[in-house]
Every structure is written in structure tokens, then in C-alpha cells.
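# Residue-level structure breakdown
One letter stands for each residue in the lines below.
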Amino acid sequence: MSGNVQEQTLEPVLERLLDAAPGGRPADEGARGPLAALRAEGRRAIAAAGLPTQKSEPWKYTSLNALRKVEWSGPAGDGADFDTVKSALPVLDAYTVVLLNGRFDSVLSDLNGLPKGVRVLPLPEAMSDSAVTDTLASLIPLDMAPMAALNTAHLDDGVLVRIDAGKALDKPLHIVSVGYAGSAPAAYHPRFLIQLDENAEATVIESHIGLKGAPTFSNTVTEVVLAPSARLGHYKLQDQAVDGFDLSTTAIRCSDKSVYDGFTLSLGLGTVRNDVRMTLDGEHVEGRLNGAYLGHGGSHVDNTTFIDHAKPNSTSREVFKGVLADESRGVFQGKILVRPDAQNTDGHQLNKSLLLSDKAEADSKPELEIYADDVRCSHGATIGALDDEQLFYLRARGIDAVTARAILVQAFLMEALDEIQKASVRDALHEHLAARLQPLFKGGLV
Amino acid sequence: MALLEIRDLHAEVDGKEILKGINLTVEPGEVHAIMGPNGSGKSTLSYVLAGRDGYEVTGGEVIYDGKNLLDLAPEERACEGVFLAFQYPVEIPGVAGTTFLRHSVNAKRKYQGEAEFDAMEFVKFVRGKAKDLNMPDDMLKRAVNVGFSGGEKKRNETLQMAVLEPKLAILDETDSGLDIDALKLVADGVNALRAPERAMLVITHYQRLLDYVVPDKVHVLANGRIIKSGDKSLALELEEHGYAHILEAAA
Ligand SMILES: Nc1ncnc2c1ncn2[C@@H]1O[C@H](COP(=O)(O)OP(=O)(O)O)[C@@H](O)[C@H]1O
Ligand SMILES: [Mg+2]
């Protein structure tokens, strides 16, 4: 049911955003087929819900009012300077997919030598596969996820990663999503689907980079489906060079004995919001949802997670550590649901924030909903400043106060990265972070 | 000229006077032992000399190497050659020992107008130092003091001291909790540094360390004051009779 009545009441920013969707208004929609059907569904859901406001509980700490004031236009992205992209990325030996403003760029991508049983395709080329069309948008209840609905309304391009049963990716896959708006602010909606069949294994890195220019609004959706005994390392780097918007919705469904190792490192400016929903829909699943973030300037980083223990005997671990400098704000909302069936669940959650300035702010909201009686669930949140004893110890060894602070800040973030299980990615991100922090330290971060 | 001259030093912590007029002169080349009961102010004295925040000097002065020590920031004191081996070395998760010590050595070299070491040069430099001292350097790969045993922490302090080559080393109970092998290692580290231009303040509870590091002078600190000074025989006397009778005699 596409409600023309609702369409008339759309707020202007949403109307403008939807105008840029493929096919434009429903009236002149040309495309047919599964993509068009999904788009219509997305459009219906976002039109009904509207963009989130702080009145909605999950968005209590994060405002999109600044986003509402921008006159967004569609993808474009011409003139992006890829040399600056390189310096914003970790150095990895990986297969590479590049998207510019949400569009698969086959020239910049390098998928040579992908092993048998591994498919990495532009999403439209994968739409003949019912395993793909049946899965897209199936993990996320669009009526409750307005940003995912908005993304789905734009469903047009993106990446499918599919690993057949028993196969493994021999090198990580690096998906580089670049946002560039020359002079007119640009909104784009990347879409990723990662499917691992039984006992398949892969490492996928998403790097979301926003280049200097007018603000960009990246609204990503990533869906991950792990069949029994599949193992995925799924790591994300976010780094916008200007005050834009990097919003993402990630949904993960884990079956029996699968392992999901997720990590999100957010280093850029602007507003960042990561909505992650991980469903442990199997027994003996190991689900890891970790992250580190650095707030600086006026940036706002919100990690909102929902871990759904639906079956018994599974383990989840969630550690988010944030450094908040200048006038930045960090938000962590972590909901863990243990359903009545999910006996013998082991859940651990921790959020640690380090405040570097009086004007920085951290909000931490754990939410445990436990309906099974035999569970081990722990959660903790700490918000504090740098440790005086450690600072003095460093200074007593001749290290000046600013350098001492920088060393401790770097160590705090480096330690968070240790949660990453894939050693090559962990090392690459360690190095990338160290290099990325240097100019910030020189610029007075600490 | 004395390397260190402490004159009528008063200091308080949280508004409570802990040091109540300390006088102490240390000549270059000397080793002074400071002994005293728990809570007498030994660590407070070492922190005041190293410049820790919250240890407020309310009177007196400290002249070190011709400079007014109390005017300097902690890092400047360190770069000028003051080294404090902490009674309780601090754990720094996420910072490898090598990284920490390289920052430290380079800060000092920069302060003294010398070229800084790059990572490779530094590893070579530290290996050499550790070898001279017969000291394993494997601790440096780990995060600073994290998960170290008490003995490892003290050995780590000694290694840092050896690498930084201080002019004035203050050892705050570096010998506590060490077995005899570790104690010898620490003592060797201290003795290796003994030189005509250097001096040491060795804070200890026990005569034991002083068998290996023979002091030129021994002072008894009680209730924020030095109540008795003497030569190494004073340490033996304390070992035999305890503090009580000296405290009584002083009262
Ligand atoms: N940070 C502090 N806050 C409050 N009191 C302190 C602090 N440090 C030391 N003190 C007090 O100062 C006195 C001397 O302590 P300290 O210098 O550690 O003695 P020592 O090293 O000789 O055992 C003790 O009474 C101790 O309780
Ligand atoms: Mg003490």
C-alpha cells in the first residue's frame, strides 16, 4: 500500500532525499522486478515512520536536526581524489571493492584471483539469485528501522559477498565506500549483503571514508547471514574528513556454531550512528560486537546495539571503548535480550569512555532484558579522565605532559583494537590508528 | 658543591603535614641510605623530589646540581638526571615497555641537545644496556608492568634506571619483596651506576640490600624528620635493635 496521503505529509528533507531515489516518485517508477518491489516497501516504511527524532527512545541521544537543514542531492561524486582516499585507509593485502557515493566502481575495484566458491558482485548482478532476493531486507524490520527503510527505498547498487559451503576467502575483502560531494551536499545509500554458507570463512573490512568537500550523508545497510559453523571477521573503519553524516544499520543472523567477530573503529568528524542488531539464532554461537571511537572537534558518535540471544548455549561479548576530546559526544546504548529459550547464555558487555575535555560528553545506557533463568550476563560502564598515576609515571621518566597524555590516549584505543581476532587486520588497524593520531595530537587533541 | 641539598623541607598531603623539616646533603659519588618505620614519610620525600602533584611543599628548598629543583616540572627533573625507582611501579596497559622507554630516552636526549634514536637504533641501544647488566630485556616487549610479578616490576625499574643513567637515583624500597637472586640483580644495577659524578638515595627497610650496596651514610627518618645520621654501622644497629630504641633516644 503506497499511501499518497502519507507522501503529502513528508517533511521536506525526506521528500528531497526520496526524490533522488532511482525511479524518482512512485508515479514515474520505471523499474520492475525484485529491486523495485523492495524499494517500494522501503519507501512505504520510511514515509510512514519519518526520519527519527529524539522523541523516539533509540534516538534519544542523537539528533538529526542538522541533517534536516541540508539540501541533499543524489550520488554524483565526480572529481573525487583517490590519492587522499588511500591515505585514509589501513594498508592491507586484500581483495578490494570500491564504491563511490554508493556505486560499485569496477575500474577501481580489484577482485582478481578470487577463489572458487566465492562471489563478490555488484548487487544488481546478483538479483537473479533467489537466495539473495529472499534475504535482502529480511533481517531488519523496516518499520522499526527508519534509516534502513530509507536505504531500501534507494536500493539500486551495492555489493553481494557470498561464500559457498566449506570455502574460505584466502585474503580479506576490503570494501571501500567513498563519499565525495564537490560543492553540493550528497546523500547515498550503500547496501551490502554478506552470506556465508555452512562452514565457510571470510574476513571483510568495510572502510567508510568521507572526503573533504561539501558534507556527505552515507546511509549504509549491511546484512550478514551466517550458516552453521560459518566464521566471519567483519571490521569497519569510519572516517569522514568533514562534518557530514555516517549512519549505518547492520543486521547479523548467526546459526549454530557460527562465529561472528565484529569491530567498528570510528575516527572521523560529523555525526556517526551505528545501529547493530545481532541475532544469535543458534546454539554454541560466538558473537562478538566490539568497537573503539575517537570523538573530536564537534563530532558525535553513537553506537546502538541490540544482541538477541534466541537460542541456548551461546556467547556474546561486547566491548566498546571511546575517547572523547574537544566538544565531542559519545553514545553507547547496548541492549541484550535473553529469550526464555536461551538457557546457559553467556553475555558480557563493557563500555569505557575516556573524557579529555570538560566540554566532551559520554552517555552510556546498558539494557539487559533476561527471560531465561540459567544465564551469566555481566555489564559495566565507566566514564573517566586519564589516570594521574600513569601520567606521573611517564613524566617522571622525562616525557612531557602532552606527550604523556597522547601516549595514554593512543594506548587506550590500541587496547580496544586487541579485541579484533584476525591478527593481520588488528596489526593493520594498529598501524593505521597510530599514523592517524599523529596529526591530531600535533593539532592539540590532548 | 653538593649534588643535592635539602634544606628544612616541609611538605603536606591533603592538608596534613608529612615532612616536617628535612635537612640532607648528598655529595657526588655518595650513596645515602634512608631507613625508617612505615608511614614515616620516605615515599613522600621521594615523590616531592620527583615532583608529584598533590605533594605540596610548604617550606624549605631543594638545590640539585646548582638548580632550584622544586621550580622544575617532573619531566624536567627527569631530563636533568633525577630518577625515581617507584615503590609501586605503575601499570600502563597498551604501552609496550620498549615504546615507553624509547619515549623516555629520546625525551632526555632531546633535552640535552642530542639526536633522538629511531626505533631500530633504540632496540640496539637497549639490548646493549641489558646485556651489560646481565639483565633480560624480554620484559620490554610486554605492556609496562602489566601482569608483572613484584620482582619483575622492581627489575624493570632497575633496567630503566640503567638505561637512563641518572645523576641522582632515588630508589624507594626497590629491594622489598625480592628473592636473593633478584636482589643481587638490583644491587648490581645500582653498583654499575656508582660513579664519582653520581649519587643515590636508597630507601630501604632492610640491612640486606646494604650488604651489596654499601652506603656512605645512613639516615633514620621518623615522623617526617631525620632523627639520626651515621655511617653504615647505623644500619646494622637498626637491624639488631629495631627502630624503637632510636626513636626513644630521639624523643
Ligand atoms: N596520597 C596520600 N594521601 C593521604 N595521605 C598520604 C598519601 N601519601 C602518604 N600519605 C600519608 O603520609 C604518611 C607518610 O607516608 P609515606 O611517605 O608513604 O611513608 P613511608 O614511605 O615512609 O612508609 C603516612 O601517614 C601516609 O598515610
Ligand atoms: Mg613508602
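Going by the annotation in an unreviewed UniProt entry, the name recorded for chain A is Fe-S cluster assembly protein SufD, with Hwanghaeella grinnelliae given as the source organism. As stated in UniProt under Sequence similarities (unreviewed entry), the record for chain A gives "Belongs to the iron-sulfur cluster assembly SufBD family."

## Considerations on the UniProt feature "domain: SUF system FeS cluster assembly SufBD core" (unreviewed entry) in chain A
Mapped onto this structure's residue numbering, the UniProt feature "domain: SUF system FeS cluster assembly SufBD core" (unreviewed entry) falls at residues 186-412 of chain A. Structurally, residues 186-412 of chain A is divided into 9% helix and 61% strand, and its ends, taken at the C-alpha atoms, are 34 Å apart.

## A short note on the coordination of the magnesium ion (ligand 2)
Around a metal, the perfect tetrahedron of four donors has angles of 109.5 degrees, and the perfect octahedron of six donors has angles of 90 or 180 degrees. Protein-derived coordination of the magnesium ion (ligand 2) comes from B:Ser43 (OG) and B:Gln87 (OE1), at a distance range of 2.1 to 2.2 Å. Within this pair, whereas B:Ser43 is found in helix α1 (residues 42-50), its partner B:Gln87 is found in the loop between β6 (82-85) and β7 (92-96), the two being separated by 44 residues in sequence.

## Here we look at the site of ligand 1
Residue and element names in this part refer to chain B. Surrounding ligand 1, one finds 13 residues, the nearest of these being Gly39, Gly41, Lys42, Ser43 and Thr44. In the model, a nitrogen atom of ligand 1 is placed 3.4 Å from a nitrogen or oxygen of the Asp14 side chain. A distance of 3.4 Å is found between an oxygen atom of ligand 1 and a side-chain nitrogen or oxygen belonging to Lys16. Protein chains shield 65% of the accessible area of ligand 1, which is 560 Å² for the free molecule. Per-element tally for the shell around ligand 1: the top contributor is α1, with 3 residues. Per-class residue counts for the shell around ligand 1 are 4 nonpolar, 6 polar and 3 charged.

## Looking at the interface of chain B and chain A
Every contact between the two is made by 29 residues of chain B and, on the other side, 17 residues of chain A. Where chain B abuts chain A, roughly 1,900 Å² becomes buried across the two surfaces, and 68% of that area is made up of carbon and sulfur atoms. Among the residues of chain B in contact with chain A, B:Arg52, B:Glu75 and B:Val90 are the three that bury the most area, contributing 26% of the side total. Where chain B meets chain A, there are 2 salt bridges. Of the charged contacts, one joins A:Arg395 and B:Glu75 as a salt bridge, the two residues approaching to 2.7 Å between their closest N and O atoms. If you look at where chain B meets chain A, you find 10 residue pairs in polar contact (both at pLDDT 80 or more). Of all the secondary-structure elements, those providing two or more residues to the side of chain B that touches chain A are α1, α2 (74-79), β6, β7, α3 (97-111) and α5 (150-164) of chain B. Residues of the side of chain B that touches chain A, tallied by class, amount to 19 nonpolar, 6 polar and 4 charged.

## Things to note about the environment of A:Asp129
Residue and element names in this part refer to chain A. Tracing the sequence through the fold places Asp129 in the loop between β3 (118-122) and α6 (130-135). Judged by its relative accessible area of 22%, Asp129 is partly exposed. Sequence-wise, Asp129 and Arg44 are 85 residues apart; in three dimensions their C-alpha atoms are separated by 25 Å. Leaving out residues up to four positions away in the same chain, Asp129 has contacts with Arg119 and Arg162. A polar atom in the side chain of Asp129 sits 3.2 Å from the side chain of Arg162.

## Considering α5(B)
Residues and elements named next belong to chain B. Across its 15 residues, α5 extends 21 Å between first and last C-alpha, which sits within 8% of the 21 Å expected from 1.5 Å per residue. Extensive coverage of α5 is indicated by the burial of 14 of its 15 residues. Backbone geometry just after α5 places Glu165 at a positive phi near 45°.

## As for the packing of helix α8 (residues 388-395) of chain A against helix α9 (residues 401-417) of chain A
All names here are of chain A. Viewed as axis vectors pointing N to C, α8 and α9 meet at an angle of 125°, and their least axial separation amounts to 9 Å. In terms of axis orientation, α8 runs oblique to α9. Classified by chirality, the crossing of α9 by α8 is right-handed. Across the interface between the two elements, Gln390, Leu391, Leu394 and Arg395 from α8 touch Ala401, Ala404, Arg405, Ile407 and Leu408 from α9. Among the residues making up the contact of α8 with α9, the classes are represented as 6 nonpolar, 1 polar and 2 charged.

## Quick word on empty space enclosed by the protein
Residues and elements named next belong to chain A. As enumerated under the stated definition, the model contains 5 cavities of 30 Å³ or more in all. Size it by volume and the largest cavity reaches roughly 150 Å³. The wall of the largest cavity is formed by 19 residues, among which Thr250, Tyr260, Phe263, Thr264 and Val276 lie closest to the centre. Those elements that provide at least two residues to the lining of the largest cavity are β10 (231-240), β11 (245-254), β12 (259-266), β13 (271-280), β14 (286-295) and β15 (300-309). A per-element tally of the lining of the largest cavity places β12 first, with 4 residues. Taken together, the residues of the lining of the largest cavity break down into 7 nonpolar, 10 polar and 2 charged.

## Brief notes about the environment of A:Leu160
Residue and element names in this part refer to chain A. Along the chain, Leu160 falls in strand β4 (residues 159-163). Sequence separation between Leu160 and Tyr393 is 233 residues; the distance between their C-alpha atoms is 51 Å. The contact partners of Leu160, leaving out residues within four places of it in the chain, are Arg119, Val120, Leu121, Leu123, Ala126, Val132, Leu193 and Gln195.

## Regarding the sheet that holds strand β1 (residues 4-13) of chain B
The strands making up a sheet are joined through hydrogen bonds of the backbone, oriented either antiparallel or parallel. Residue and element names in this part refer to chain B. As summarised here, the arrangement of the 4 strands in space is β2-β1-β4-β5, forming an open sheet in which the pairing is antiparallel. With partners counted over all chains shown, the strands left at the sheet margins are β2 (16-26) and β5 (67-68), one partner each. Where β1 lies against β2, 8 bridges are found, and the strand directions are antiparallel. Bridging across to β2, Leu9 finds its partner in Ile22. Its contacts with the sheet put α1 on β1, β2 and β4 (55-64), and the angle it makes with β1 is roughly 110°.

Rules and cut-offs
The written sequence of each chain sets the order in which its residues are numbered from 1. Chain letters start at A and ligand numbers start at 1, both assigned in the order the entries are written. Confidence filtering applies because this is a predicted model: local features only for residues at pLDDT of at least 70, side-chain atom pairs given and counted only at 80 or more, and all residues used for totals across whole chains, interfaces and linings. Water and hydrogen atoms were dropped before computing side-chain values, which therefore reflect all heavy atoms in the structure. UniProt positions are given in the numbering used here, feature names are shortened, and annotations may be inferred rather than shown by experiment. Numbering of helices and strands starts at the N terminus; helices are DSSP runs of H or I of at least 4 residues and strands are runs of E of at least 2. Excluding water, the donors of a metal are its N, O and S neighbours within 2.8 Å, or within 3.2 Å for Na, K and Ca, and that exclusion means sites may look incomplete. Whether a residue is near a molecule or strand is decided by its heavy atoms; if any one of them lies within 4 Å of it, the residue is near. A 3.5 Å cut-off defines polar contacts: any pair of N or O atoms within that distance qualifies, except that in protein one atom must be a possible hydrogen donor and the other a possible acceptor, and neighbouring residues in sequence count only when both atoms are side-chain atoms. Reported accessibility uses the Shrake-Rupley method at a 1.4 Å probe radius. Residues are deemed covered only where the shown protein chains occlude them. Side-chain classes follow a simple rule in which Ala, Val, Leu, Ile, Met, Phe, Trp, Tyr, Cys and Pro form the nonpolar group, Asp, Glu, Lys and Arg form the charged group, and the remainder, Gly included, forms the polar group. Note on definitions: a residue-residue contact is assigned when non-hydrogen atoms from the two residues lie within 4.5 Å. Buried area counts how much accessible surface, traced with a 1.4 Å probe, disappears from two parts once they are put together, with both parts' losses summed. We count a salt bridge whenever a side-chain nitrogen from Lys or Arg sits within 4 Å of a carboxyl oxygen from Asp or Glu. Throughout, exposure labels follow a simple rule: accessible area from a 1.4 Å probe, protein chains only, divided by the maximum for the residue type, with under 20% read as buried, over 50% as exposed, and the rest as partly exposed. Each helix should span, by expectation, one fewer than its residue count multiplied by 1.5 Å. Axis lines are fitted through C-alpha atoms, for helices just across the contact stretch, and the angle between N-to-C directions can take any value from 0 to 180 degrees. The cut-offs work like this: below 35 degrees is roughly parallel, past 145 is roughly antiparallel, 65 to 115 is roughly perpendicular, and the gaps in between are oblique. Left-handed is the label given to a crossing in which the near helix is rotated counterclockwise from the far helix by less than a right angle, and right-handed is the label when the rotation is clockwise. Definitions used throughout: a 1 Å grid over protein atoms alone; a cavity as a set of points that fits a 1.4 Å probe which cannot get out; a pocket as an open set with protein on both sides within 12 Å along at least five of seven lines; a lining residue as one with an atom within 4 Å of a point. Grid points are joined across faces, edges and corners, and a volume is the space filled by probe spheres set on the points. Criterion used throughout: strands pair if DSSP finds at least two bridges between them.

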